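Okay, here's what each chain looks like letter by letter:
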Amino acid sequence: MDFKMHLQCLGTCCSGDKLWFPNMTFNGLFSINLKNFELEYHGQIPFLDNFAVLSYAHSNFFFENKLFFCPNNCKDILIYDIENKTYNKINILSKDNYLTARTIQRGKKVWIYPQNLKHGIFFLNLDDLSIEESIEFNQLLAGIQDIPWIVELNEFEIAIL
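Caption draft 1: The arrangement of the overall build of the protein chain in detail. Scanning the protein chain for helices and strands turns up one helix and 14 strands. Radius of gyration (C-alpha) of the protein chain: 16 Å, near the 15 Å computed for a compact globule of 161 residues. Considering only C-alpha atoms, the protein chain reaches an extent of 55 × 30 × 30 Å along its principal axes. Here the protein chain holds 161 residues, and 41% of them are scored as buried. Residue pairs at least 24 apart in sequence account for 33% of intrachain contacts in the protein chain once pairs closer than 6 positions are excluded. For the protein chain, the exposed surface amounts to about 9300 Å²; the carbon and sulfur share of it is 52%. Taking the average location of the 13 positive side-chain charges in the protein chain and that of its 19 negative ones, the two points are 3 Å from each other.

Set out below in structure tokens:
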């Protein structure tokens, strides 16, 4: 059976000559070679349902041969090791599905900001892939309910819109 479907994404991650993305409308990881525009399917993400929708979007980054896709409609950060072609995940300790507004990386530490602050701000340590909730930042932003967008002004300041 020949079946065709449009691929859709809300966030990409670039590594070398490839642009990587999880599809929005079904569970699959893809890459596009930017030199020859060849599309490659890397399989289903093993810990998501087959027809998971909008699981990952917006906040993605690359670090030491690993792609990191932050959740948009799930509870796990997707890690794909390009060299070993393996999947891993880090659970964000949220009661509901986590909707990431933005990530900001400083060295080997990544701040993960949610769109709804009731889900909590987290720090991801890239050395050991541990995650912890930032009680201090959550308290600092306690009067804010939603974060539609975060802009990084410089190394020390961000603007929350």
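Caption draft 2: Region of the structure containing the pairing of strand β9 (residues 100-106). Of the strand pairs in this sheet, β9 and strand β10 (residues 109-114) are connected by six bridges, and their pairing is antiparallel. Within β10, the position partnered with glutamine 105 by the bridge is valine 110. Taken together, β9 and the strand that follows it, β10, pair antiparallel across an intervening segment of two residues, in which glycine 107 is found at a positive phi of about 65 degrees.

Caption draft 3: Structural detail: empty space enclosed by the protein. Tallying each qualifying case throughout the model produces one cavity of 30 Å³ or more. A volume near 40 Å³ is recorded for the largest cavity. Of the residues belonging to the lining of the largest cavity, the class tally is six nonpolar, four polar and no charged.

Reading the values: rules and limits
- Residues numbered from 1 in each chain as written.
- Predicted model: local features only at pLDDT ≥ 70, side-chain atom pairs only at ≥ 80, totals over all residues.
- Heavy atoms only, no water.
- Helix = DSSP H or I, 4+ residues; strand = E, 2+ residues; numbered from the N terminus.
- Rg over C-alpha atoms; globule rule 2.2 N^0.38 Å.
- Buried < 20%, exposed > 50% of the residue type's maximum accessible area, 1.4 Å probe, protein only.
- Contact = heavy atoms within 4.5 Å.
- Areas by Shrake-Rupley, 256 points an atom, 1.4 Å probe, with all protein chains shown as cover.
- Lys, Arg positive; Asp, Glu negative; His and termini not counted.
- Charge placed at Lys NZ, Arg CZ, Asp CG, Glu CD.
- Pairing = 2+ DSSP bridges.
- 1 Å grid on protein atoms, 1.4 Å probe; cavity = no way out; pocket = protein on both sides within 12 Å on 5 of 7 lines; lining within 4 Å.
- Points joined across faces, edges and corners; volume = space filled by probe spheres on them.
- Nonpolar A, V, L, I, M, F, W, Y, C, P; charged D, E, K, R; others polar.

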